[in-house]
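Letter by letter, the chains look like this.
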Amino acid sequence: MSVQIRSLTRRAPNASRKMLDGVSLTIEDGAFVALVGPSGAGKTTLLRTIAGLDGPYEGTVLVDGRVLAGRPMRERRIGFVFQNYALFRHMTVARNISFGLDVLPRGERPDRGAIAARVAELLELIQLPTLGGAYPDQLSGGQRQRVALARALATKPGLLLLDEPFGALDPIVRRQIRRWLRGLHDQLGLTTVLVTHDHDEALEVADRLVVMQNGRVVQEAAAETLDAAPATPFVMEFLGEALEFPGQVAHGRFLPDDPNVLSFAVGAGDGPATAYLRPHEARLVAAGGAARAIPLTGGQGGLRRLAVALGTREVEILVLPERLGQVGTEGLGLDIGRARLFRDGAPLAGAPPVASGQELPRVTVG
Ligand SMILES: Nc1ncnc2c1ncn2[C@@H]1O[C@H](COP(=O)(O)OP(=O)(O)OP(=O)(O)O)[C@@H](O)[C@H]1O
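Residues numbered from 1 in each chain as written. Predicted model: local features only at pLDDT ≥ 70, side-chain atom pairs only at ≥ 80, totals over all residues.

The protein chain is annotated in an unreviewed UniProt entry as Sulfate/molybdate ABC transporter ATP-binding protein of Gluconacetobacter aggeris.

Engineer: Help me understand the overall build of the protein chain, please; the structure alone is not making it clear to me.
Structural biologist: Assigned secondary structure in the protein chain consists of nine helices and 20 strands. Projected onto its principal axes, the C-alpha positions of the protein chain cover 80 × 45 × 35 Å. Looking at the protein chain as a whole, 37% of its 366 residues are labelled buried. By sequence separation, contacts in the protein chain at least 24 residues apart represent 65% of the contacts at least 6 residues apart. (Helix = DSSP H or I, 4+ residues; strand = E, 2+ residues; numbered from the N terminus. Buried ≥ 20, exposed ≤ 12 C-beta atoms within 10 Å, placed from the backbone. Contact = placed C-beta atoms within 7 Å.)

Engineer: Help me understand the domain arrangement of the protein chain in this model?
Structural biologist: Accessible area lost when the parts come together is the quantity often used to give the size of an interface. Domain boundaries assigned for the protein chain yield domain 1 (3–227) and domain 2 (241–347). Relative placement of domain 1 and domain 2: their C-alpha centres are 41 Å apart. (Domains from an automatic or database assignment.)

Engineer: Sorry if this is basic, but what is going on with unusual backbone geometry here?
Structural biologist: Note on backbone geometry: most residues besides glycine have negative phi, and most peptide bonds are trans. Positive phi outside glycine occurs at serine 7, with the angle close to 45 degrees. Structurally, the position occupied by serine 7 is in strand β1 (residues 3–11). We classify serine 7 as exposed; it has 12 C-beta atoms within 10 Å. Even without glycine at this site, aspartate 344 takes up a positive phi of about 50 degrees. Inspection of the secondary structure assignment puts aspartate 344 in the loop between β19 (340–343) and β20 (346–347). Judged by the 9 C-beta atoms lying within 10 Å of it, aspartate 344 is exposed.

In structure tokens:
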């Protein structure tokens, strides 16, 4: 099922404050989209509005070309899962799963045999085939979450809306269950919208990320695009650790304020600008500069974490361990040629990231 949202604005009840502010978004049939952003950004409100829940809004929200608000829930073909999966504790797992079918009006309700078959099928799907007779209290958190998903899937929805469904799970179970969910999405041909605080989770499971802030969509793109060409510094920082270097563009070069950070060529007009890059994208260069490297404990993905004392401050970067031996720890410069440049909070036109070292006459290592 597809979702089309145009100029959607929702105000808080009894307040003029906008919970959603001019949101436009298209979710293709079969997509797996993650809504990410800080607390209060409007993610839950957007999810609930897609489902046709809650109060009035301005703008257009269509699911498969139809307005859902006001239609009976059973006609909407939507499955919901929330963080507090709220299974009915006094009902067995099987009864929990069949609940959405049991409450259908008599004319639409499948017969007992068909419901039992559907429950058995779903128990297989969530890989808990023998637990139909168990009660929620007898299950682990991850098992309960899978039952909640089965319950949401019982009525064969085309659109699955998930609001922080894994928040209560420990990291290992959380990782397992999200992979499983992605498989399920593909297997069942669902359209899935997942609200998460965890950007790693969003990157791993979703095809596209929708970054929200203050009730607006700041950027909507595949993860690689968000990282390579973030629309704002906020997107850059939200998606991972970022280093920030203020400076100036003059005569086709970005000149960082810090004398130990190397300049690089850009195709942008003169004026102030700020460069952002990931710690692993910075390169230490034996440049005869005054920067010093101070190895720290820790690192990630085979990279070592280093503090680099620049002229004005210290930053932490990640480098291959063997590189440090090649440049030493003194007389260094920092090459930030892979940075994204912004001016007044917007990407600097004509400033594509320059491949590191390309513009530099020096040997680039690190
Ligand atoms: N019923 C309500 N009455 C008044 N304000 C509300 C209501 N529901 C949400 N809001 C406000 O709307 C804004 C968006 O809230 P929402 O819950 O959608 O954000 P969120 O991105 O899902 O946040 P979180 O990640 O913390 O769940 C917030 O400023 C919130 O305080």
